[in-house]
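Here is what each chain is made of, one letter per residue.
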Amino acid sequence: MCDMSKGKFFILLVITISLCLQSCNGFAQTLKEVTRKAVVQCSSLNEKLEAKEVVEMKVIKIVDGDTFDGLTKDFKQVRVRLAAFDAPEKGQPYGNNARQKLSELLFGKEVVVVMTGKEHYSRMIAKVYTKDSVDVVAEMLKSGMGWHFKRFDNNLLYHEMEEEARNAQVGLWHQDAHTPIAPWIWRKMSKEERDQYR
């Protein structure tokens, strides 16, 4: 949950009631799902308010399942890595699937990038949202296209989304797929070890 002042709590309450009125007719949607949407919107609001840098850009290249290149409004090209998420590497099972999913979500689209840090590769690490407020990491996790990077993030919703994808056996969690190997382990494996999974 967000760490909220009274004002932010009120915003969360309004969002929850609004979502209920919009989508709970006939009890078609559970309270859990409505609350999840409200918390995600609250988290997004907090991040945008507290972030050091918020940048709008157009996605011009998908590098892999968790990285893309964007072009800012002042025509600066920047490389962005999704915060809190790790996709399979190139050459790793489901690496191409994750890249394709990220492309479907982002390629050629305008996005809002909320910077959280920088990597040693000079990549911007950021939370990324589409213009219609879709949380890109949430979509990737729900599609079973990678791991919530718990080592660097403690978002309980992301953890829950990964668990639900595992339980539903979607994406790389499908029962017929190879036993998924986390990318941070894959990167340390020898070529001979990797070849056993290709």
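Residues numbered from 1 in each chain as written. Predicted model: local features only at pLDDT ≥ 70, side-chain atom pairs only at ≥ 80, totals over all residues. Heavy atoms only, no water.

Participant: Please explain the overall build of the protein chain as it appears in this structure.
Facilitator: Counting its regular elements, the protein chain contains seven helices and seven strands. In sequence order, the secondary structure elements of the protein chain are arranged as α-α-β-β-β-β-α-β-β-α-β-α-α-α. Going through the 198 residues of the protein chain one by one, you find that 44% of them count as buried. Restricting to contacts in the protein chain with at least 6 residues of sequence separation, those with at least 24 account for 57%. Total accessible area on the protein chain stands at roughly 11,400 Å², and carbon and sulfur atoms take up 53% of it. (Helix = DSSP H or I, 4+ residues; strand = E, 2+ residues; numbered from the N terminus. Buried < 20%, exposed > 50% of the residue type's maximum accessible area, 1.4 Å probe, protein only. Contact = heavy atoms within 4.5 Å. Areas by Shrake-Rupley, 256 points an atom, 1.4 Å probe, with all protein chains shown as cover.)

Participant: Help me out: how do you make sense of the pairing of strand β3 (residues 77–82) in this one?
Facilitator: Every regular strand shows the same layout, with side chains that alternate between the two sheet faces. For strand β2 (residues 67–72) and β3, the ladder comprises five bridges, and the chain directions are antiparallel. Opposite Gly-70, over in β3, you have Val-78 as the bridge partner. If you look at the hairpin formed by β2 and β3, you'll find four residues sitting between the two strands, and Phe-75 has a positive phi there, around 65 degrees. Where β3 and strand β6 (residues 124–130) come together, three bridges link them in parallel fashion. From the neighbouring strand, Val-80 faces β6, where its bridge partner is Met-124. (Pairing = 2+ DSSP bridges.)

Participant: How should I be thinking about the sheet that holds β2 in this particular structure?
Facilitator: Backbone hydrogen bonds are what pair the strands of a sheet, in a parallel or an antiparallel way. Spatial ordering of the closed barrel is given by β1-β2-β3-β6-β5, a layout of five strands whose pairing is mixed. On average, each strand axis in the sheet is tilted by 55 degrees relative to the strand beside it, whichever way the strands run. Note that strand β5 (residues 110–118) and β6 share seven bridges and pair antiparallel. Within β6, the position partnered with Met-115 by the bridge is Ala-126. (Axes fitted to C-alpha atoms, helices over the stretch in contact; angles between N-to-C directions.)

Participant: Even after reading the chapter, I still don't get the pattern of salt bridges, so can you show me in this structure?
Facilitator: Side chains that differ in sign of charge can pair as their charged atoms come close. In this structure the tally under the stated criterion is 10 salt bridges. The partner of Lys-131 in a salt bridge is Glu-56, with the nearest N and O atoms 2.6 Å apart. With Lys-131 in the loop between β6 and α4 (136–142) and Glu-56 in strand β1 (residues 53–64), the pair connects residues that are 75 residues apart, well separated along the chain. The partner of Asp-69 in a salt bridge is Arg-79, with the nearest N and O atoms 2.6 Å apart. Pair noted here: Asp-69 is in strand β2 and Arg-79 is in strand β3, with a separation of 10 residues, a long-range link. On the basis of relative accessible area, Arg-79 is assigned to the partly exposed category, the value being 33%. Via salt bridges that share partners, Lys-150, Glu-162, Glu-163 and Arg-166 belong to a single interconnected network. (Salt bridge = Lys/Arg side-chain N within 4 Å of Asp/Glu carboxyl O.)

Participant: What exactly am I supposed to notice about the environment of Arg-123 here?
Facilitator: Inspection of the secondary structure puts Arg-123 in the loop between β5 and β6. Along the primary structure Arg-123 and Phe-68 are separated by 55 residues, whereas in three dimensions their C-alpha atoms are 9.5 Å apart. Apart from residues lying up to four places away in sequence, Arg-123 is in contact with Thr-67, Arg-79, Arg-81, Gly-117 and Lys-118. A polar contact of 3.1 Å, which involves the side chain of Arg-123, links it to the side chain of Thr-67. (Polar contact = N/O pair within 3.5 Å; in protein donor to acceptor, adjacent residues only side chain to side chain.)

Participant: I keep staring at unusual backbone geometry and nothing clicks. Help me out?
Facilitator: Both trends apply: most residues other than glycine have a negative phi, and most peptide bonds are in trans. Here Phe-75, not a glycine, exhibits a phi torsion of approximately 65 degrees, which is positive. With respect to the helices and strands, Phe-75 occurs in the loop between β2 and β3. Accessibility expressed as a relative area gives 69% for Phe-75, which makes it exposed. The backbone phi angle of Gln-169 is positive, close to 55 degrees, even though this residue is not glycine. Assignment of secondary structure puts Gln-169 in the loop between α5 (156–168) and α6 (183–186). By relative accessible area, Gln-169 is classed as partly exposed at 32%.

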